[in-house]
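# Architecture at a glance
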Amino acid sequence: MGKAKRVQESEVIMTEMVLPNDTNTLNNLMGGKLMHWLDVVGAIAAQKHSNRIVVTASADSISFQHPIALGNVVTLKAQVTRSFNSSMEVYIEVWAEDIPANKKTKTHRAFFTFVAVDQNGRPIEVPKLEPGTDEEKELFDGALRRRQLRLVLSKRMDPKDAVELKSIFGLEEALGAKKE
Ligand SMILES: CC(C)(COP(=O)(O)OP(=O)(O)OC[C@H]1O[C@@H](n2cnc3c(N)ncnc32)[C@H](O)[C@@H]1OP(=O)(O)O)[C@@H](O)C(=O)NCCC(=O)NCCS
């Protein structure tokens, strides 16, 4: 499927400001609003990699440990970590910045999966991704394990076939696989 693409080709940086309409009653950013921004920035990265329409297939668990305050500037950086057949894993990092206080904190990280589809919504093949830096290679390698985990959890993969998970965590019994 065409020429492999580099990670930088899918990189997207999105900047938003937390406005009163985006907040809860404690004047912090609503989790749902952040999820929306994650979905949008991730979808743009997946579109840039595939040059296709993409749909969100899954979002891995996100924990909200750091509240983001009203008036903070939020930066979201997304990149494709690995592509499979029609699906792409996208890694997103989030920073919150209090500009007057000159304080910037990394608040969230998330993995989303997008699937490239044709005009009829059917999955369609996407280009391979070629990692360059050590960090890109680490994300690329880990993507296989994360994919197996989410496919097992969504009952799309038999735990017995999750070879990467078994080899990493020694989860043969937990995953219900027979010992060789
Ligand atoms: C995602 C979708 C296109 C998959 O279609 P499908 O008919 O199940 O297609 P397939 O079984 O061939 O799967 C296609 C790809 O999606 C991946 N996929 C499907 N469900 C997934 C999940 N829960 N998590 C991660 N990947 C998933 C498959 O692994 C496969 O990847 P691959 O082609 O790289 O091997 C389909 O389920 C869909 O359109 N879902 C709704 C998307 C949407 O509206 N999102 C917004 C939510 S409101």
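Worth saying up front: this structure is predicted, and the values here are computed from it rather than measured. (Residues numbered from 1 in each chain as written. Predicted model: local features only at pLDDT ≥ 70, side-chain atom pairs only at ≥ 80, totals over all residues.)

## Overview of the domain arrangement of the protein
Applied cut-off: Each domain span listed reflects an automatic or database assignment of domains. Here, residue contact means that the backbone-derived C-beta atoms of the two residues sit within 7 Å. Counting from the N terminus, the helices are DSSP H or I runs at least four residues long and the strands are E runs at least two residues long. Think of it as three bins: nonpolar holds Ala, Val, Leu, Ile, Met, Phe, Trp, Tyr, Cys and Pro, charged holds Asp, Glu, Lys and Arg, and polar takes everything else, Gly as well.
Per the domain assignment, the segments making up the protein are domain 1 (5-130) and domain 2 (133-180). Taken together, the 11 residues of domain 1 in the interface contact 8 residues of domain 2. For the side of domain 1 that touches domain 2, the elements supplying multiple residues, two or more each, are strand E4 (73-83), strand E5 (87-98) and strand E6 (103-117). Classifying every residue of the side of domain 1 that touches domain 2 gives 5 nonpolar, 3 polar and 3 charged.

## Let's talk about the sheet that holds strand E2 (residues 12-17)
Here is the rule: When DSSP finds two or more bridges between a pair of strands, those strands are recorded as paired. Only C-alpha atoms enter the line fits that serve as axes; for helices the fit covers just the stretch in contact. Angles between N-to-C directions range over 0 to 180 degrees.
Taken together, the 5 strands give an open sheet; going across it, the order is E2-E4-E5-E6-E3, and neighbouring strands pair in antiparallel fashion. Both edges of this open sheet fall to E2 and strand E3 (53-59), since each of them pairs with a single strand only. Going across the sheet, the axis of each strand differs from the next one's by a mean of 30°, ignoring polarity. Across 10 bridges, E4 lies against E5 in antiparallel orientation. Within the sheet, the bridge partner assigned to Ala78 lies in E5 and is Ile92. Sheet strands in contact with helix H1 (residues 31-50) are E2, E3, E4, E5 and E6, and its direction is about 40° off that of E4. Running over the sheet, helix H2 (residues 134-153) touches E3, E4, E5 and E6 and is turned about 85° from E4.

## Remarks on the site of the ligand
What counts here: Here is the check we use: build the C-beta atom from the backbone, and if it is within 6 Å of the molecule or strand, call the residue near.
Near the ligand lie 17 residues; those nearest to it are Ser58, Phe84, Asn85, Ser86 and Ser87. When contributions to the shell around the ligand are tallied by element, the ones reaching two or more residues are E3, E6 and H2.

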